[in-house]
There are 2 protein chains.
Amino acid sequence: MISVVILGAGNVATHLFKGFEKTNDVSVVQWYNRNASSLQPYSHLVDVTDNLEALKDADLYIIAVSDDAISELSSSLPFKDKLVVHTSGSVSVYDLDMKLKRGVLYPLQSFSKAAKLDFDNVPICIETIDKKSYPLLKKVAVSLGSPTKRINSDQRRVLHLAAVFVNNFTNQLYRIGHEITESEGAEFDLLKPLIKETANKIEDMSPFKAQTGPAKRNDKKTIKKHLKQLDNEHHKAVYELLTDSIKRTHGRKKL
Amino acid sequence: MISVVILGAGNVATHLFKGFEKTNDVSVVQWYNRNASSLQPYSHLVDVTDNLEALKDADLYIIAVSDDAISELSSSLPFKDKLVVHTSGSVSVYDLDMKLKRGVLYPLQSFSKAAKLDFDNVPICIETIDKKSYPLLKKVAVSLGSPTKRINSDQRRVLHLAAVFVNNFTNQLYRIGHEITESEGAEFDLLKPLIKETANKIEDMSPFKAQTGPAKRNDKKTIKKHLKQLDNEHHKAVYELLTDSIKRTHGRKKL
């Protein structure tokens, strides 16, 4: 049984706690937060504390706090040479205090507080400085049911950046689709099957091959029609830039 | 039994033919294409022709050819007062020759030749000039298993435009994610669960509520880091514009 202490009370921390509750290989022996009252709902399930000096001994300490707070919290830990990881996509593993055995468990998924999370669908990217720490971190990730992948800092940084494109930016395109349809009294819901199909299509086809539409075909007439339809200058700018982007990718435009 | 003639041999025509083959309510009595040889693989299943003068009598004629060819083909039809629809998202119903009873059956989905298509996931938007044509078109769409929605031309145009945002542009963001990850030897596959979750999340949450990430939080430090990471000027432009777009939507930026 691997003993774990979780530090932080945000979405990642909470989903990790709930995930570990279901495993037989990992036991959360303590949950720390600066403000212990946010952990109150869980205090019948686990020892909670707001006192770093009272931290229990454990095989692994998981820091799941906001990016800006990781470094300082790691320095405040009242011990050394213990295995401590953070869960951020963009913070360096070297931002953890060097008195510690350092690593990263980066779950590549979008965490909402409300939504239920199935760790089967959350790849966990593992990074360690000390190779010896890897097997334990892998065991912890596997216990959650997650696919795991050992990566380095550059790969983690680039995955975090790419995640912004495929998640945040994609969601903003859904938002623009929502604005455009509702402005004419059309139902955004009619687009949902298409949205799902677009995401499912790349399961076994590259996004390059999966592309269709007027920009890919360089169908100037339809593109012109669409630009004329858009009265929001900002939507127009997005249309133009992404049409341009598709043209570049598909050789419709000289680079 | 509703009798149908299909005109055209592209993706939409082919998927419609295959869809109708499975129903008991619609019978495809003939399939026309300018070049009959592309229909040869189906000639044991249906009467095929390249001769407009030889068109059979039917309850409905479905023109599923490229946008530019719809108007001319409708004018070439050697009859009048029969029900003729096209399947385009962006062509006006009035582009069909006025000698005909005119309508539109617009399937709102991305059609690939290879990919199997389940019409359960293809909303069909119905438009008619003559109200009396509506029940038959609805029956035809329902026979395929599709959800249907009666819409007007403005709504169809706007759905077609929004589809470009949520399908073509989204797919291009996947492509950029692919380029970024592969450039560092990271696996694009690790992002696929996140891509699916992003699409699934809006099933019962508005894209506005579903948004997360550095732009939404106005996390300047991470945004700056990301921009520094991007060495492709074009990817940088997409990052900047969509970050700006999210900030506008979420009140992080004065309009």
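Because the structure is predicted, anything quoted here is derived from the model rather than measured.

1. Here we look at unusual backbone geometry
- The phi torsion at D81 of chain A lies on the positive side, around 60°, for a residue other than glycine.
- With respect to the secondary-structure elements, D81 of chain A resides in the loop between helix 2 (67-76) and strand 5 (83-86).

2. Some remarks on the UniProt feature "domain: Pyrroline-5-carboxylate reductase catalytic N-terminal" (unreviewed entry) in chain A
- With numbering matched to this structure, UniProt assigns "domain: Pyrroline-5-carboxylate reductase catalytic N-terminal" (unreviewed entry) to residues 4-87 of chain A.
- The span residues 4-87 of chain A is 25% helical and 25% strand by assignment, and the distance between its end C-alpha atoms comes to 14 Å.

3. Some points on the environment of E197 of chain A
Residues and elements named next belong to chain A.
- Here E197 lies in helix 5 (residues 192-201).
- In this structure E197 comes out as partly exposed when scored by relative accessible area, which is 23%.
- Separated by 22 residues in sequence, E197 and R175 have C-alpha atoms that sit 17 Å apart.

4. Some points on the nonpolar core
- Among the nonpolar cores identified, the biggest contains 74 residues, and F165 of chain A together with F165 of chain B are the most heavily contacted of them.
- Apart from residues lying up to four places away in sequence, F165 of chain B is in contact with L173, I176, I180, L230, H235, V238 and Y239 of chain A together with T170 of chain B.

5. Let's talk about the pattern of salt bridges
- Summed over all chains, the structure comprises 24 salt bridges over all chains.
- The salt bridge partner of K56 of chain A is D47 of chain A, with a shortest N-O separation of 3.6 Å.
- In this structure, E179 of chain B and R175 of chain B form a salt bridge, with 2.8 Å as the shortest nitrogen-oxygen distance. Here R175 of chain B and E179 of chain B lie together in helix 4 (residues 153-183), a separation of four residues that amounts to about one turn.
- Judged by relative accessible area, E179 of chain B falls into the partly exposed class, the value being 25%.

6. Considering the sheet that holds strand 7 (residues 124-128) of chain A
Residues and elements named next belong to chain A.
- Read from one edge of the open sheet, eight strands run 3-2-1-4-5-6-7-8, paired in mixed fashion. Two strands close off the open sheet at either side, each with one partner strand: strand 3 (48-49) and strand 8 (148-150).
- Sheet topology places strand 6 (residues 101-107) next to strand 7; five bridges connect them, and they run antiparallel. When the sheet's bridge partners are listed, P107 is paired in strand 7 with I124.
- Contacts from helix 3 (residues 134-143) reach strand 1 (2-7), strand 2 (26-32), strand 4 (60-63), strand 5, strand 6, strand 7 and strand 8 within the one sheet, and its direction differs from that of strand 7 by about 165°.

7. Structural notes on the domain arrangement of chain A
Residue and element names in this part refer to chain A.
- Annotation of chain A at the domain level lists domain 1 (2-151) and domain 2 (156-249).
- Just the C-alpha atoms count here: the centres of domain 1 and domain 2 sit 36 Å apart.
- Listed as interface residues are 14 residues of domain 1 and, on the opposing side, six residues of domain 2.
- Summed over both partners, the interface of domain 1 with domain 2 buries about 740 Å², with 57% contributed by carbon and sulfur atoms.
- Across the domain 1-domain 2 interface, the total number found is one salt bridge.
- Listing elements by their share of the side of domain 1 that touches domain 2, those giving two or more residues are strand 6 and strand 7.

8. Looking at a positive patch on the surface
Residues and elements named next belong to chain A.
- A contiguous patch of positive charge on the surface is contributed by K18, K22, K113 and K116.
- Mapped onto the secondary structure, K113 falls in the loop between strand 6 and strand 7.
- Accessibility expressed as a relative area gives 52% for K113, which makes it exposed.

9. Examining the packing of helix 4 (residues 153-183) of chain A against helix 4 of chain B
- The contact between helix 4 of chain A and helix 4 of chain B brings their axes to 9 Å, and the two run at 175°. It follows that helix 4 of chain A is roughly antiparallel to helix 4 of chain B by the angle criterion.

10. Description of the relation of the copies chain B and chain A
- When chain B is fitted onto chain A, the two copies agree to an RMSD of 0.0 Å after a turn of 180° and an axial shift of 0.0 Å. Within this description, the copies of the chain are treated as partners about a two-fold rotation axis. Judged by C-alpha distance, T170 of chain B is the residue of chain B that lies nearest the rotation axis, at 2.7 Å.
- A symmetric contact is evident, with 100% of the interface residues of chain B recurring at the interface of chain A.

11. Observations concerning the interface of chain B and chain A
- Counting from both sides, the interface comprises 84 residues of chain B and, opposite them, 84 residues of chain A.
- Summed over both sides, the interface between chain B and chain A buries roughly 8300 Å², with carbon and sulfur atoms accounting for 67% of that surface.
- In this assembly, chain B and chain A are joined by six salt bridges.
- Notably, a salt bridge pairs D68 of chain A with K221 of chain B, separated by 3.2 Å at the nearest N-O pair.
- Among the elements of the structure, helix 2 (67-76), helix 4, helix 5 (192-201), helix 6 (207-210), helix 8 (220-229) and helix 9 (233-249) of chain B are those that each provide at least two residues to the side of chain B that touches chain A.
- With 27 residues, helix 4 of chain B is the single largest residue contributor to the side of chain B that touches chain A.
- Across the side of chain B that touches chain A, the residue classes break down as 37 nonpolar, 29 polar and 18 charged.

The rules behind the values
Counting of residues starts from 1 at the beginning of each chain's written sequence and follows it residue by residue. Here the convention is simple: chains get letters from A, ligands get numbers from 1, in the order in which they are written. Local features in a predicted model are, by the rule used here, given only for residues with pLDDT of at least 70; side-chain atom pairs are given and counted only at 80 or more, and totals for whole chains, interfaces and linings are based on all residues. Each side-chain value is worked out from all heavy atoms of the structure, with water and hydrogens disregarded. Going along the chain from the N terminus, every DSSP run of H or I of four or more residues is numbered as a helix, and every run of E of two or more is numbered as a strand. UniProt positions are given in the numbering used here, feature names are shortened, and annotations may be inferred rather than shown by experiment. For every residue, the accessible area (1.4 Å probe, protein chains only) is compared with the maximum for its type, and the residue is labelled buried under 20%, exposed over 50%, or partly exposed between those bounds. Here, nonpolar core refers to any group of buried Ala, Val, Leu, Ile, Met, Phe, Trp, Tyr and Cys residues whose side-chain atoms link them within 4.5 Å. The criterion used for residue contact is that any of the two residues' heavy atoms lie within 4.5 Å. Any carboxyl oxygen of Asp or Glu that lies within 4 Å of a side-chain nitrogen of Lys or Arg is treated as forming a salt bridge with it. Only strands joined by at least two bridges in the DSSP assignment are considered to pair. Every axis in this analysis is a line fitted to C-alpha atoms, fitted for helices over the stretch in contact. Angles between the N-to-C directions lie between 0 and 180 degrees. Segmentation into domains, and thus their bounds, comes from an automatic or database assignment. Once two parts are put together, the accessible area they lose, assessed with a 1.4 Å probe and summed over both, is termed the buried area. Each patch groups residues whose relative accessible area exceeds 30% and which form no salt bridge, using 9 Å between like charges and 5 Å between nonpolar side chains of Val, Leu, Ile, Met, Phe, Trp and Tyr. Shrake-Rupley sampling with a 1.4 Å probe provides the accessible areas, and residues are treated as covered by the protein chains on show and by no other component. Charged-residue counts in this description rest on Lys and Arg as positive and Asp and Glu as negative, His and the chain ends being excluded. The location of each charge is read from NZ of Lys, CZ of Arg, CG of Asp or CD of Glu. For classification purposes, angles smaller than 35 degrees are called roughly parallel, those larger than 145 roughly antiparallel, those between 65 and 115 roughly perpendicular, and all remaining angles oblique. Copy-to-copy superposition: least squares on the C-alpha atoms, limited to residues that have pLDDT of at least 70 in both copies. Polar here means any residue other than Ala, Val, Leu, Ile, Met, Phe, Trp, Tyr, Cys and Pro, which are nonpolar, and Asp, Glu, Lys and Arg, which are charged; Gly is therefore polar.

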